[in-house]
Amino acid sequence: MRVPLWKIAHARSGDKADRADIGLFAYDAETYAVLKREVTRERLAAHFAAIARGPVELWPLDNLLALKIVLNGALQGGAARSLRMDNLGKNVAAALLRMEIEAPETLPRLRAP
Amino acid sequence: MKSVRVGAGLGFYGDSWRPVRASIERGGVKYIASDHLSELTLAILQKDRQKDAAAGYARDGVPMLAELWPFAAKHGVKFVLNAGGLNPQGAREAIARAFRDKGWKARIATVTGDSVAERIDELRAAGEPLAHMDTGADIAAVRERLLFASAYLGAQPIAAALAQGADIVLTGRVADAALSLGPIAHELGWKWDQWERLAGGLTVGHLLECSGQGSGGNFGSAGEWAQIPDYAHLGYPVAEVYEDGSALVTKPPGTGGRVSFDTLRQQLLYEVHDPHAYVSPDVVLDMGSLRFDDQGGDRVGIRGAGGAARPAKLKIVAGYHDGWMGQGIIGFAWPEAYAKCEKSAEIIRTLVAERGWPVEDIEVEYIGYNSLLGAHADPAFRDQLNECFLRMTIRTQDRRVADAYGRLFPWLGLSGPPYIGSMKGVQPAKELLGIWPTLVKRELIESKVRIEVESV
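Residues numbered from 1 in each chain as written. Chains lettered and ligands numbered in written order. Predicted model: local features only at pLDDT ≥ 70, side-chain atom pairs only at ≥ 80, totals over all residues.

### Some points on the overall build of chain A
In step 1: Within chain A one finds 3 helices and 6 strands.
In step 2: What you see in chain A, going N to C, is helices and strands ordered as β-β-β-α-α-β-β-α-β.
In step 3: In terms of overall size, chain A behaves like a compact globule, its C-alpha atoms giving a radius of gyration of 14 Å where 113 residues would be expected to give roughly 13 Å.
In step 4: Dimensions of chain A, computed from the C-alpha atoms along their principal axes, are close to 45 × 25 × 20 Å. (Helix = DSSP H or I, 4+ residues; strand = E, 2+ residues; numbered from the N terminus. Rg over C-alpha atoms; globule rule 2.2 N^0.38 Å.)

So this is what it looks like as structure tokens:
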């Protein structure tokens, strides 16, 4: 089934120069395996095509059940020259949590409580 | 095993020091590591210094110490803070003045040598091109527009200042995590080539450098953020660091917030690029081997930091003038709130074009609809908004244009679409800054680092 990331993961983003960076975290190991498979550089590049002018970088961290994502050229040259309200890229993580992936409905956070 | 406890101070210029008192009184800390400088703060301080040569330091260091020092002195707690900004001696003078007024005694150290704004040509002559780290561009392109340039120093001068008996260590630009790593390495007697231990200390410093973000603040999530207890009294993170480089991260008892695997790993990866090579002046950290042990009760054990030798070059971040921003904001209520914002944007575009102003970029954002999510806003409710604000900004090299641009907006109140709100004055031109990150041989910087310790 199609699942938005906010249902199964949490995320924080920040800035360094013209780079927005995101940590995406699974709440459990089973979900992490799905994130690692489905959240690819290609999918990320497509999702962030409107803001990332440079390449997307991605590192899986099995020990943290996390993906580290870096969007190069995503902040209009950097926070201090950006015209955006979100010049610091603090909400890029929220934008990521809106991305939908293919995931089994049996994941722990998707099962009825 | 020997250990030391360090607590987080501020996480940025303007952060609150109120939660630090709990760390001092109930957190068992021996040091507070306080970060007052974001990547951009030096630009603000440079403007202060242009107006007043005695300024140029983060002003919140003085009231913070004025309020917390009585508790710190009682509990034997020392402060390491980068509030020196571009003028650590100026900051020292201001703090010394405040202490003398109250009759307090302290040994205050300053660490200087990070600022290289006056040394650009000298460094270039010494064979450092100072090319842009990411783009490779020649610094000549911005040389005449540079406003500040500071190297990120490491933990060694901080540890040296503590070894000389300092109670308060005031620095300018240092790696944020060095504010913690300095006292940790000093207390635990680490050598500067014990890479794995240093990597453990750096991990702790990174978890502490953003104050409340290390203890449940800004917990990026849908729904889960609401489970963080007692935000109003959120305690800042505290770390007990052991001789072998492992640590226990917690927060003072009786405070709000949460220290858990979830909240700590969000901070661990925050503003990190390659997690297998997190470069600091003192050590290169590999986060891939870290092990977190969430013991419950706001206690998380951390071990296994990977450490590789420190880099041969230090990072400099310089800032340069990069034009002006003009800004206008106007709000509309139902009906057709969004459509009226859109119409206003069209009107402003027409006025700008008719004036032939030299405008390089126009950014149109709708507050209440897409000003934070941008292209990822969901258009489903766009046309049913109860209210919406247009925020429209321009980039121009001409300051007068940026000022005049803001003055276009009030006129819309009587001559534009209906049901307007919140015309809270005209927004003046705002200076825009480009950031120039570059690298320099560390010897060229370290040979100029000075540590001075004086008693007040």
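### Comments concerning the overall build of chain B
In step 1: When helices and strands are counted, chain B shows 13 helices and 19 strands.
In step 2: For 456 residues, the compact-globule estimate of 2.2 N^0.38 gives 23 Å, and chain B sits close to it at 24 Å.
In step 3: Projected onto its principal axes, the C-alpha coordinates of chain B cover approximately 70 × 55 × 50 Å.
In step 4: A buried classification covers 50% of the 456 residues belonging to chain B.
In step 5: Across chain B, every contact between residues at least 6 apart in sequence was considered, and the portion connecting residues at least 24 apart equals 76%. (Buried ≥ 20, exposed ≤ 12 C-beta atoms within 10 Å, placed from the backbone. Contact = placed C-beta atoms within 7 Å.)

### Points about the sheet that holds strand β2 (residues 31-34) of chain B
The strands making up a sheet associate through hydrogen bonds between their backbones, and the pairing can be parallel or antiparallel.
All names here are of chain B.
In step 1: Strand order in the open sheet made by the 10 strands is β11-β12-β8-β7-β1-β2-β3-β6-β4-β19, with mixed pairing throughout. Where the open sheet ends on each side, the last strands, each with one partner, are β11 (291-296) and β19 (450-455). Geometrically, the sheet is characterised by an average inter-axis angle of 20 degrees between neighbouring strands, direction not taken into account.
In step 2: Summarising the sheet, strand β7 (residues 238-242) and strand β8 (residues 247-250) pair through 4 bridges and their orientation is antiparallel. Across the sheet, the residue bridging to Glu240 is Leu248, located in β8. (Pairing = 2+ DSSP bridges. Axes fitted to C-alpha atoms, helices over the stretch in contact; angles between N-to-C directions.)

### What about the interface of chain A and chain B?
In step 1: Taken residue by residue, the interface counts 37 residues in chain A and 44 residues in chain B.
In step 2: Where the side of chain A that touches chain B is concerned, the elements lending two or more residues are β2 (9-16), β3 (19-26), β4 (56-61), β5 (66-71) and α3 (92-97) of chain A.
In step 3: Among the elements that make up the side of chain A that touches chain B, the one with the highest residue count is β2 of chain A (6 residues).

### Comments concerning the nonpolar core
General note: in soluble globular proteins, nonpolar side chains tend to be found buried as a group.
In step 1: One finds Leu24, Leu71 and Leu96 of chain A together with Val6, Ile158, Val169 and Ala239 of chain B to be the most contacted residues of the largest nonpolar core, which totals 150 residues.
In step 2: Of the domains in this structure, domain 1 (3-114 + 152-311) and domain 2 (323-435) of chain B are the two that each give at least three residues to this core.
In step 3: Beyond its immediate stretch of four places on either side in the chain, Leu24 of chain A contacts Ala9, Ala11, Leu35, Val39, Ala66, Leu67, Ile69 and Leu96 of chain A. (Core = buried A, V, L, I, M, F, W, Y, C linked by C-beta atoms within 7 Å. Domains from an automatic or database assignment.)

### Considering the packing of helix α7 (residues 178-188) of chain B against helix α8 (residues 195-208) of chain B
Residues and elements named next belong to chain B.
In step 1: Running from amino to carboxyl end, α7 crosses α8 at an angle of 135 degrees, the nearest separation of the two axes being 7 Å. Comparing the axis directions of α7 and α8 gives the class oblique. Between α7 and α8 the crossing geometry is right-handed. Here Ala178, Leu179, Ser180, Leu181, Ile184 and Ala185 of α7 lie close against α8, whose contacting residues are Leu198, Gly201, Leu202, Val204, Gly205 and Leu208.
In step 2: In the contact of α7 with α8, the residues fall into 9 nonpolar, 3 polar and no charged. (Parallel < 35°, antiparallel > 145°, perpendicular 65-115°, else oblique. Left-handed = near helix turned anticlockwise from the far one by under 90°. Nonpolar A, V, L, I, M, F, W, Y, C, P; charged D, E, K, R; others polar.)

### Considerations on the sheet that holds β5 of chain A
All names here are of chain A.
In step 1: The 4 strands are arranged β2-β3-β5-β4 in an open sheet whose pairing can be described as antiparallel. Of all the strands in the sheet, the pair left with one neighbour each is β2 and β4. Pairs of neighbouring strands in the sheet enclose a mean axial angle of 15 degrees, with direction left out of account.
In step 2: Both β3 and β5 contribute to a ladder of 6 bridges, which runs antiparallel.

### A few points about the domain arrangement of chain B
In step 1: As assigned here, chain B comprises domain 1 (3-114 + 152-311) and domain 2 (323-435).
In step 2: With centres defined by C-alpha atoms, the gap from domain 1 of chain B to domain 2 of chain B works out at 39 Å.

### Overview of the packing of helix α6 (residues 156-163) of chain B against α7 of chain B
Residue and element names in this part refer to chain B.
In step 1: Interaxial distance between α6 and α7 falls to 8 Å at its minimum, and their mutual angle equals 50 degrees. Regarding the angle of α6 to α7, the classification is oblique. Considering only the axes of α6 and α7, their crossing is right-handed. On α7, the residues that touch Ile158, Ala159, Leu162 and Ala163 of α6 are Ala178, Gly182, Pro183, Ala185 and His186.
In step 2: Looking at the contact of α6 with α7 residue by residue, the class counts come to 7 nonpolar, 2 polar and no charged.

### With respect to the environment of Trp69 of chain B
Residue and element names in this part refer to chain B.
In step 1: Residue position: Trp69 is located in helix α3 (residues 61-75).
In step 2: By the C-beta count within 10 Å, which is 21 here, Trp69 ends up buried.
In step 3: As for Trp69 and Thr112, which are separated by 43 residues in sequence, their C-alpha atoms are 23 Å apart.

### A word on the environment of Leu162 of chain B
In step 1: Mapped onto the elements, Leu162 of chain B comes out in helix α6.
In step 2: With residues near it in sequence (within four places) discarded, Leu162 of chain B still touches Val169, Gly182, Pro183 and His186 of chain B.

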